[in-house]
Amino acid sequence: MNKVWGVVLAVIGGFALGGIALYRQEPINSLWIVVAAICVYMLGYRFYAAWIAAKVFLVDPTRATPAERLDNGRDFVPTHKWVAFGHHFAAIAGPGPLVGPTLAAQFGYLPGTLWIIIGSVLGGCVQDMTILMLSTRRDGRGLGQMAREELGPLGGFAAMIGTLLIMIILIAVLGLVVVNAMKHSPWATSTVFATIPVAIFVGFYMRSWRPGRVLEASVLGVAFIFLSVFGGGWIDHQPSVRAVFDYPGISLAAFVIVYGWLAAILPVWLLLAPRDYLSTFLKLGTVFLLAIAILLMHPQIRMPAITQFVDGTGPLFSGKVFPFVFITIACGAISGFHALVSSGTTPKLIANERDVRLIGYGSMALESLVAIMAIIAATLLDPGVYFAINVGAGVVGATPDLAVHTITGWGFPVTTQQMANLAHDMGESSLFARTGGAPSLAVGMASIFGSTFGHGLLSVWYHFAIMFEAVFILTTIDAGTRVGRFMLQDLLGHISKPLGRTSWYPSVVIASTLVVAGWGYFLYVGVIDPNGGINILWPLFGISNQMLACIALSVATGIIIKSAKARYALVTALPLAWLALVTTVGAWQKIVSADPKLGFFSAANEMAAKLAAGALPPDRAAVAGQLIFNQRLDGWLTIFFTAVLWFVILDMSRICLRRLRGLPVPKSCEAPYQPTKLEGVEVAAGLQGALGSH
C-alpha cells in the first residue's frame, strides 16, 4: 500500500512540477505550487529520509540517547517527540524562509520555487537530520566540537571561528528585517513590544504561580498575543498615544540590541523559553491557516515566471540568477544556522533515535513549506506594488512620484494613488521603500487572509502578519545570541578557564556583551544605509549562511567516511559540492566584480570617488565614510569566510583520504552503545523539560 501511495504522490507531484516549470500562459494558479511542494516533501520524508535512517545511520530504537543517559532535568531531558519537534521548529524557523523567498521574487516566481522544493528535500532536510543524528550519537556535542574532535584541531578551530563570525552576521541581518518592519509604524511597534511582557508573564505563570498548568498558560499567552494586535490598532488611532510608539530606525535598532543582550543573560525560563514556546503555536497556526486560505482561494500568481532581472540588474540586490537565487533563498532550502540548533539543544532532548527523522527532516520540510507560502504571498502582488514596497529610495527616488515613474519604466506599472490606497487599507501612512521583505510579505499575507476570512480586516491582518514575522525573527535573535555566547565562552575558555564556564555570571555578561556588540554594529550599518541595508547585508548573510551549511556538510561527510560507509557519503557530499560551488562563485563576484552594484570593493571605491568629488547629496555624504568602510569590511569578511570554508573542506578531504588508504585518523567520539530503559515519555514531562532547558 505504501508503494501505491508513493506512486500516486510521484505522479501528482511530477505533474504539478511540470505545470509550474513549463506553463507560460500567465497568470498561473498558486495551487499548482502548493500541490507540487507537499507531494515532494511527503515523498522525501517517506522514502529518502527513511532510507538514510535505515542504511546510512542504522537507527537503533533500543539505543539509549544522551537525553536518557545524561538526564539532569535541566539540559538533558528525554522529551516526547512532538514536543521536541515543536521546540526544534521554533528554534530553526527564523526569518530566512520568509524574507529570502520574498526578495528572490525579483527574478520571478519560478527560480525560487524550484530551488526551495528541490534544495530542501535533497539538501536542507538531509543536513538537519544528519547533524542531529551525529550529535545525538556524540552526547549532544556542538558542531564546532564535532569538527575539532572528528577532523582534528586545525580544521575544528577554523570551523569554530568561522561559525561564530558567521553567526554574528546572521543575527545582524535578522535585526535589520525587524527594524525595517517596525520603522515609523506605531501599530507594528506596539504589537511587537507587547509580546515581551506576555512571554515574561507566561514564564512566571508556569514556573512560580501555577507550576505544571501548561494548558492554562498556553491559552492565556496566545490570547494575550492576539489581543496585542487589536491593542496596537487602538493605539494607532489615538494621536496622543501613537507618537509614543513612532520610532525611526536608529531607535528601534537600539531596542533590538538591548533585547538581544537581555535575552542572552536572563534565565531561560523568564523570557527565551516561553517566547519560543508561544511562537511555536503562532508559527504553526499561521502557516497552516495560510495553507488553508491558499487552498480555498487558490489566488493567481501575478509575478512573471522569469523577469528581466535574472541578468543581474535587479533593484533589490545585484547579481545574476546563478548563483544569487540560491544565496538569497538561503534558509528556505538549506541553512547553516540549523546545524547549530541540530547540534545544540535539540539532541539533548531526543528520547529515542527513531524520532530523529521526524524532528530533523520533518521540521525542515515544514520550514520549506513556510518558504513556499512566502513566495506565493509575495508573487500574488502586482509586480509594480512589490517593487515599490521593496526597493530603497536610493534606487527609485526619494518621492512617490519618482518611485512610480522609475518602476513603471521597468515594465511594472504602479501609481501613487494605488500605493496610497493600499497603505490606507493596511493601516500605514506609506508603504514605499519598506525594504527587507517583511512588509511586502505582510501585504501579501493580509491579502490572502482578507480574501478568505474578511476583507474589512485588512489592516488587522497586515499587522498580525508583521507581528508573526517579528516573533519569528526575535525568537532567532535571542536563541542565536545565546548560542553565540556559548561558542564564544568555549573559545575564551582556552584563554582563561573561568571564562569558559557557561554558568559563571561574569563570563555570561562578558561573552554576551561581545557577541551583541558584534552583530549590533552590523545592524547599525544596515540602518544608516540610504538603500535600506539589504543590498549590503543580505548577500553577505546568504553567502555566510550557505558557507556554514557547507562546514556542517563537510563534518558530516568526514564522519560518514570515517565510519566505513564511504558508499553512502554522496548523501552529504553532493549537496556540499553544489553549495561550495554556489557560495564560492557568489563570493568571488562580490569580491572582484568591477560593477559597483555587485562588488563590495568596487562599490566602496565608487562612493569614495564621489565623496571626494563632492558629487554626493548632503544626506548621503554624511554617512558615506561609514558606508565606504563597511563595504570594504564586508569584502574582507567574504574573503575570510571563503578561506575558512575551503580550509575545512580540504582538511575534511585529507582525513577522508587517510581513512580510505587505511592510515591513522582522529578517533571517533561516538558514545558507546547502551540499551535504553525508557518505555515512553510523557508529553507533560517532556514539555516542562523543554521549557526548562532551552
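Each value, and the rule that gives it
Residues numbered from 1 in each chain as written. Predicted model: local features only at pLDDT ≥ 70, side-chain atom pairs only at ≥ 80, totals over all residues. Heavy atoms only, no water. Helix = DSSP H or I, 4+ residues; strand = E, 2+ residues; numbered from the N terminus. Rg over C-alpha atoms; globule rule 2.2 N^0.38 Å. Buried < 20%, exposed > 50% of the residue type's maximum accessible area, 1.4 Å probe, protein only. Contact = heavy atoms within 4.5 Å. Areas by Shrake-Rupley, 256 points an atom, 1.4 Å probe, with all protein chains shown as cover. Lys, Arg positive; Asp, Glu negative; His and termini not counted. Charge placed at Lys NZ, Arg CZ, Asp CG, Glu CD. pLDDT = per-residue confidence, 0-100. Axes fitted to C-alpha atoms, helices over the stretch in contact; angles between N-to-C directions. Parallel < 35°, antiparallel > 145°, perpendicular 65-115°, else oblique. Phe/Tyr/Trp six-rings, centres within 6.5 Å; stacked < 30°, edge-to-face > 60°. Lys NZ or Arg CZ within 6 Å of the ring centre and 35° of its normal. Expected span 1.5 Å × (residues − 1). Salt bridge = Lys/Arg side-chain N within 4 Å of Asp/Glu carboxyl O. Core = buried A, V, L, I, M, F, W, Y, C linked by side-chain atoms within 4.5 Å. Left-handed = near helix turned anticlockwise from the far one by under 90°. Nonpolar A, V, L, I, M, F, W, Y, C, P; charged D, E, K, R; others polar. Bend = angle between axes of the 7 residues up to and from the residue.

Turning next to the overall build of the chain. Assigned secondary structure in the chain consists of 28 helices and two strands. On C-alpha atoms alone, the chain measures out to a radius of gyration of 24 Å, which is about the 26 Å that the 2.2 N^0.38 rule sets for 694 residues. Taken along its principal axes, the extent of the C-alpha atoms in the chain is 70 × 60 × 55 Å. Within the chain, buried positions represent 61% of all 694 residues. Relative to all contacts within the chain whose residues are 6 or more apart in sequence, the contacts with residues 24 or more apart total 83%. When the accessible surface of the chain is totalled, it reaches about 24900 Å², and 68% of it is carbon and sulfur. Charged side chains of the chain number 43 positive and 33 negative; the gap between the two group centres comes to 9 Å.

On to the side chain of Asn 29, then. Within the secondary structure layout, Asn 29 lies in strand 1 (residues 28-29). Asn 29 has contacts with His 298, Pro 299 and Gln 300, leaving out every residue within four places of it along the chain.

Turning next to the confidence of the model for the chain. Looking at the chain as a whole, its pLDDT mean stands at 84, while 91% of the residues score no less than 70. Confidence drops under a pLDDT of 50 for residues 681-694, and excluding neighbours within four residues, the segment shows 37 contacts in the predicted structure.

On to the packing of helix 17 (residues 383-390) against helix 20 (residues 416-425). Packing of helix 17 against helix 20 leaves a shortest axis separation of 11 Å and a crossing angle of 70°. Classified by the angle between their axes, helix 17 and helix 20 sit roughly perpendicular to one another. Of the residues in helix 20, those touching helix 17 at Val 385, Ala 388 and Ile 389 are Gln 418, Met 419 and Leu 422.

A few words on the packing of aromatic side chains. Inspection of the entire model under this criterion finds 24 aromatic pairs. Geometrically, the ring pair formed by Phe 193 and Phe 255 is tilted, given 4.5 Å between the ring centres and 50° between the ring planes. Of this pair, Phe 193 sits in helix 9 (residues 186-209) while Phe 255 sits in helix 12 (residues 249-265), and the two are 62 residues apart along the sequence. The exposure class assigned to Phe 255 is buried, which follows from its relative accessible area of 18%. Judged by centre distance (6.0 Å) and plane angle (70°), the ring pair of Phe 322 and Phe 326 falls under edge-to-face. Of this pair, Phe 322 and Phe 326 are both found in helix 14 (residues 321-329), four residues apart, which corresponds to roughly one turn of the helix. You can call Phe 322 partly exposed: its relative accessible area is 34%. For the cation-ring pair, Arg 46 lies above Phe 47, with the distance from its terminal atom to the ring centre recorded as 5.0 Å. In this structure, Lys 590 is placed above the aromatic ring of Phe 600, and the distance from its NZ or CZ to the ring centre is 4.6 Å.

Between its first and last C-alpha, helix 21 (residues 438-453) extends 21 Å over 16 residues, near the 22 Å set by a 1.5 Å rise per residue. In terms of burial, helix 21 is a largely internal element, 13 of the 16 residues being buried.

Moving on, we come to the pattern of salt bridges. All told, the structure shown has ten salt bridges when counted by the stated rule. As a salt-bridge pair, Glu 150 and Arg 138 come within 2.8 Å of each other at their nearest N and O atoms. Taken together, the positions of Glu 150 in helix 7 (residues 143-151) and Arg 138 in the loop between helix 6 (109-136) and helix 7 put the pair twelve residues apart, joining distant regions of the chain. Accessibility assignment for this pair places Glu 150 and Arg 138 in one class, buried. Among the salt bridges present, the one from Glu 149 reaches Arg 141, with a minimum N-O distance of 2.8 Å. Through salt bridges with shared partners, a single ionic network connects Arg 63, Arg 137, Arg 138, Glu 150, Glu 353, Lys 562 and Glu 670.

So, about the nonpolar core. Within the largest apolar cluster, 208 residues are counted, with the highest numbers of intra-cluster contacts made by Tyr 41, Ile 376, Phe 387, Leu 431 and Trp 519. With 19 residues, helix 8 (residues 153-182) is the single largest residue contributor to this core. Apart from the residues lying within four places of it in its own chain, the contact partners of Trp 519 are Ile 168, Ile 171, Ala 172, Val 256, Ile 257, Gly 260, Ile 477 and Thr 481.

Below, the discussion takes up the packing of helix 8 against helix 27 (residues 618-660). Contact pair helix 8 / helix 27: the axes reach a minimum separation of 9 Å and the direction vectors enclose 145°. The interaxial crossing formed by helix 8 with helix 27 has left-handed handedness. When helix 8 is examined against helix 27, the residues Leu 154, Gly 155, Ala 158, Ala 159, Ile 161, Gly 162, Leu 165, Ile 166 and Ile 169 are found in contact with a partner set consisting of Leu 637, Phe 640, Phe 641, Val 644, Phe 647, Val 648 and Asp 651. Of the residues contributing to the contact of helix 8 with helix 27, the split by class is 13 nonpolar, two polar and one charged.

So, about unusual backbone geometry. Most peptide bonds take the trans form, and the phi angle of most residues other than glycine is negative. Between Phe 322 and the following residue, Pro 323, the backbone shows a cis peptide bond with an omega angle of 10°. Following the sequence through the fold, Pro 323 ends up in helix 14. One non-glycine residue, Leu 58, lies in positive phi territory at about 50°. Mapping Leu 58 onto the fold places it in the loop between helix 2 (30-56) and helix 3 (66-69). Phi is positive for His 298, which is not a glycine, with a value near 30°. Tracing the sequence through the fold places His 298 in the loop between helix 13 (272-297) and strand 2 (300-301).

Across its 24 residues, helix 16 (residues 356-379) extends 34 Å between first and last C-alpha, which sits within 8% of the 34 Å expected from 1.5 Å per residue. Of all the bends found along helix 16, the most pronounced is centred on Gly 362 and spans about 30°. Buried residues dominate helix 16, accounting for 23 of its 24 residues.

Here the focus is the environment of Ala 159. Relative to the elements of secondary structure, Ala 159 occurs in helix 8. Note on Ala 159: relative accessible area 1%, which makes it buried. Along the backbone, Ala 159 and Ile 117 are 42 residues apart, and their C-alpha atoms lie at a distance of 28 Å. Among all residues touching Ala 159, those that are not within four sequence positions of it are Ala 147, Ile 551 and Val 648.

Among the secondary structure elements, Thr 189 is positioned in helix 9. Along the primary structure Thr 189 and Val 178 are separated by eleven residues, whereas in three dimensions their C-alpha atoms are 9.6 Å apart. The contacts of Thr 189, once residues within four sequence positions are left out, are Met 182, Phe 245, Tyr 247 and Leu 252.

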